[in-house]
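Structural overview
Okay, here's what each chain looks like letter by letter:
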Amino acid sequence: MNKKELQAIAQAAAKNIKTEDDLNEFRQMLTKITVETALNAELDDHLGFARHEQSDTGNSRNGHSSKTLQTEAGQFELDTPRDRGGSFE
């Protein structure tokens, strides 16, 4: 993603941000999406294959667990992915 794409997203989001609470909610949502995406990418790397692909390893995705993440802007629930072997941390 380049700077112009990020600016377009920010401009679209800014139309709905009217108060400091709206800004904090948006920041939390963006943090949640970013962290969950990074965790899923790490699990892909850990398992050696992407979601919905076949594997011969015997280990695969096994849903997610909810964790509470505390940030400067407050706390929110994070869905962390799991693997069947329980080796993903």
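In this report, we go over the structure that sits alongside the text. (Residues numbered from 1 in each chain as written. Predicted model: local features only at pLDDT ≥ 70, side-chain atom pairs only at ≥ 80, totals over all residues. Heavy atoms only, no water.)

Quick look at the overall build of the protein chain
Scanning the protein chain for helices and strands turns up two helices and two strands. The N-to-C order of helical and strand elements in the protein chain reads α-α-β-β. Taking 12 Å as the expected radius of gyration for a compact globule of 89 residues, we find that the protein chain reaches 17 Å, considerably beyond that expectation. Projected onto its principal axes, the C-alpha positions of the protein chain cover 50 × 30 × 15 Å. Classification of the 89 residues of the protein chain by burial places 18% in the buried group. Within the protein chain, contacts between residues at least 6 apart in sequence are counted, and of these 39% link residues at least 24 apart. Total accessible area on the protein chain is roughly 6900 Å²; 50% of this is exposed by carbon and sulfur atoms. (Helix = DSSP H or I, 4+ residues; strand = E, 2+ residues; numbered from the N terminus. Rg over C-alpha atoms; globule rule 2.2 N^0.38 Å. Buried < 20%, exposed > 50% of the residue type's maximum accessible area, 1.4 Å probe, protein only. Contact = heavy atoms within 4.5 Å. Areas by Shrake-Rupley, 256 points an atom, 1.4 Å probe, with all protein chains shown as cover.)

Quick word on the environment of K32
With respect to the helices and strands, the residue K32 is situated in helix α2 (residues 20–47). As for K32 and D79, which are separated by 47 residues in sequence, their C-alpha atoms are 8.6 Å apart. What K32 contacts, discounting residues up to four positions off in sequence, is F76, E77, L78 and D79.

Concerning the pattern of salt bridges
Per the counting criterion, the structure on display carries two salt bridges. Measuring nitrogen to oxygen at the nearest pair gives 2.8 Å for the salt bridge that ties K32 to E36. On the criterion of helical spacing, the pair formed by K32 and E36 is a turn pair, its members being four residues apart in helix α2. Residue D44 pairs with R61 through a salt bridge whose shortest N-O separation is 2.0 Å. Taken together, the residues D44 in helix α2 and R61 in strand β1 (residues 61–71) connect sequence positions 17 residues apart. Classification of R61 by relative accessible area gives buried; the value is 18%. (Salt bridge = Lys/Arg side-chain N within 4 Å of Asp/Glu carboxyl O.)

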